[in-house]
Amino acid sequence: MSNHVRPDSGVLLGLDNALLRTLLAVVDTGSFVGAARTVHRTPSAVSMQMKRLETQIGQPIFVHQGRSILLTSAGEALLTYARRVLGIAEEAVVRFSRLSHGRTVRLGMTDEYAVAFLPSVLASYTAAYPLVEINVTCRASSMVSRMLEEGELDVALVTAGATGRAGSPDTAIHRGRLVWAGLAHGTAHLRRPLAVAAGPTSCMWRKSAIDALDAAGIPYHIVCTSENLAGQLAPVRAGLAVAPLPIAALSGDLAPFGSEHGLPSVGYYDVALRRSPHAAHELTSAVIDHVGAYFAARQGSSIHTS
C-alpha cells in the first residue's frame, strides 16, 4: 500500500510559512518535543502540523528509526525550499520595516567623495547597522548644501574650502590633496596651452587650479565643464586633458601629475560633515558619529563636525 497521498494543489501553491518554520525547528532540534519548545506549541500540535504539511505536498516527510526521526528524500527537498522561502520572507520583512519605520538616512556628497570614501563608509556602517538604509545623493557641493538646508538630505559631506596648507584641518573633518589627474602614460599634461577639464565656475577646485596656472604663467584653456565626475573624466581618459581632482578619487588608468611633471601644485581641500537642521532622529546622529570615526581613523587625528 502506497504511503503517498494526493496533494492539495491549491494549498501547495501557498505553503504555510508557520508549517515550514515548524519543520525547520524539528530538523534543528532533532525531535517534535524540541521543536515544540522552539515554536511554543505542544508536541501533539507539532505532530499535527507535520501531518498537515505531508498532506499539502502529498508525500511523507519523516521516517522513524528507533527513537530518531529522519527526513525522507521528499523531506530533504522540502527542507531546502523551506529555508529559501523563509529567508526571502525575512528579507521582505526587514526591507519594508525599514521603510515603514523611517529607518532611512539621506546622505549627500559629491561624485568625487563617493568614489574616494563611500565604499569604505558604507561597508563599515552596514556592518554596524544592518537594518538601516542609506539613500545616497551625489551632486555638486553647492547643490548638496542647498538640499541639506531645505531638508531634502539629512547628512552631507561638502567641500568647506581650498587651501595651500597640508596638515590636519582646523574645523573640517578631512583635508585631502588635490592633483592634476591625467591619463597614465598620457601626454596631455605636456601640451600648451594646457587642456583642462573642470567643474562649473562656482567650483573651488576649478578656482584653485586656474589661480595656480596663472601664478605659474602656464597658458591653458578649459575644454570641458561638468558638474559630475564622469563628465570631467571623459576627456581625461581620452588623453585630451587634465583635471584638478582629489588624489583619493584616482584609480585605474588615472595618475596624478604635479611639479615633477611641470605643473604647479593645486593645493588641498577641506571636507565638512554637516547635518540638516530638519534631521532630528537618532539614526542621523549614528551616521554622523560613524562617518566622523571613519575619518578620524583615516587621518589619525581628532575631528570636528560643523
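Please refer to the structure higher up on the page.
A brief look at the structure comes next. None of these values were measured; they are calculated from a predicted model.

A few points about the overall build of the protein chain
- Tallying secondary structure elements over the protein chain gives 11 helices and 11 strands in all.
- Within the protein chain, buried positions represent 43% of all 306 residues.
- In the protein chain, of all internal contacts separated by at least 6 residues, the share reaching a separation of at least 24 is 76%.
- Per element, the accessible surface of the protein chain, about 15,800 Å² overall, is 55% carbon and sulfur.

As for the pairing of strand E2 (residues 68-71)
- Here 4 bridges tie strand E1 (residues 62-65) to E2, and the two strands are oriented antiparallel to one another. Bridge pairing links Phe62 to Leu71 in E2.

Focus: the packing of helix H2 (residues 17-29) against helix H4 (residues 43-57)
- Taken N-terminus to C-terminus, the directions of H2 and H4 make an angle of 115 degrees; their axes are 10 Å apart at the nearest point. In this structure, H2 meets H4 at a crossing whose hand is left-handed. Each of Ala18, Leu19, Leu20, Thr22, Leu23 and Val26 in H2 lies in contact with H4, whose residues at this interface are Val46, Gln49, Met50, Arg52, Leu53 and Gln56.

Some details on the pattern of salt bridges
- Going through the model one piece at a time under the given rule, you end up with 7 salt bridges.
- Ionic pairing is found between Arg106 and Asp154, a salt bridge with its closest N-O pair at 2.9 Å. Pair noted here: Arg106 is in strand E3 (residues 104-109) and Asp154 is in the loop between helix H8 (141-149) and strand E5 (155-163), with a separation of 48 residues, a long-range link.
- Its relative accessible area of 30% is what places Arg106 among the partly exposed residues.
- Here Asp154 falls in the buried class, since its relative accessible area comes to 5%.
- Here Glu150 makes a salt bridge to Arg146, at a shortest N to O gap of 2.5 Å.
- Classification of Glu150 as partly exposed rests on a relative accessible area of 48%.
- Three or more residues are tied together by salt bridges with common partners; here these are Arg146, Glu150 and Glu152.

Some thoughts on the nonpolar core
- One finds Tyr113, Leu157, Trp180 and Leu194 to be the most contacted residues of the largest nonpolar core, which totals 42 residues.
- Formed by 20 residues, the second largest nonpolar core is a distinct cluster that contains Leu19, Leu20, Phe62 and Leu86.

A closer look at the environment of Leu71
- Looking at where Leu71 falls in the secondary structure, it is placed in strand E2.
- Given a relative accessible area of 21%, Leu71 falls into the partly exposed group.
- Setting aside residues no more than four positions away along its own chain, Leu71 makes contact with Leu23, Val27, Ile61, Phe62, Glu76 and Leu79.

Here is what the cut-offs are and how they apply
- Residues numbered from 1 in each chain as written.
- Predicted model: local features only at pLDDT ≥ 70, side-chain atom pairs only at ≥ 80, totals over all residues.
- Heavy atoms only, no water.
- Helix = DSSP H or I, 4+ residues; strand = E, 2+ residues; numbered from the N terminus.
- Buried < 20%, exposed > 50% of the residue type's maximum accessible area, 1.4 Å probe, protein only.
- Contact = heavy atoms within 4.5 Å.
- Areas by Shrake-Rupley, 256 points an atom, 1.4 Å probe, with all protein chains shown as cover.
- Pairing = 2+ DSSP bridges.
- Axes fitted to C-alpha atoms, helices over the stretch in contact; angles between N-to-C directions.
- Left-handed = near helix turned anticlockwise from the far one by under 90°.
- Salt bridge = Lys/Arg side-chain N within 4 Å of Asp/Glu carboxyl O.
- Core = buried A, V, L, I, M, F, W, Y, C linked by side-chain atoms within 4.5 Å.

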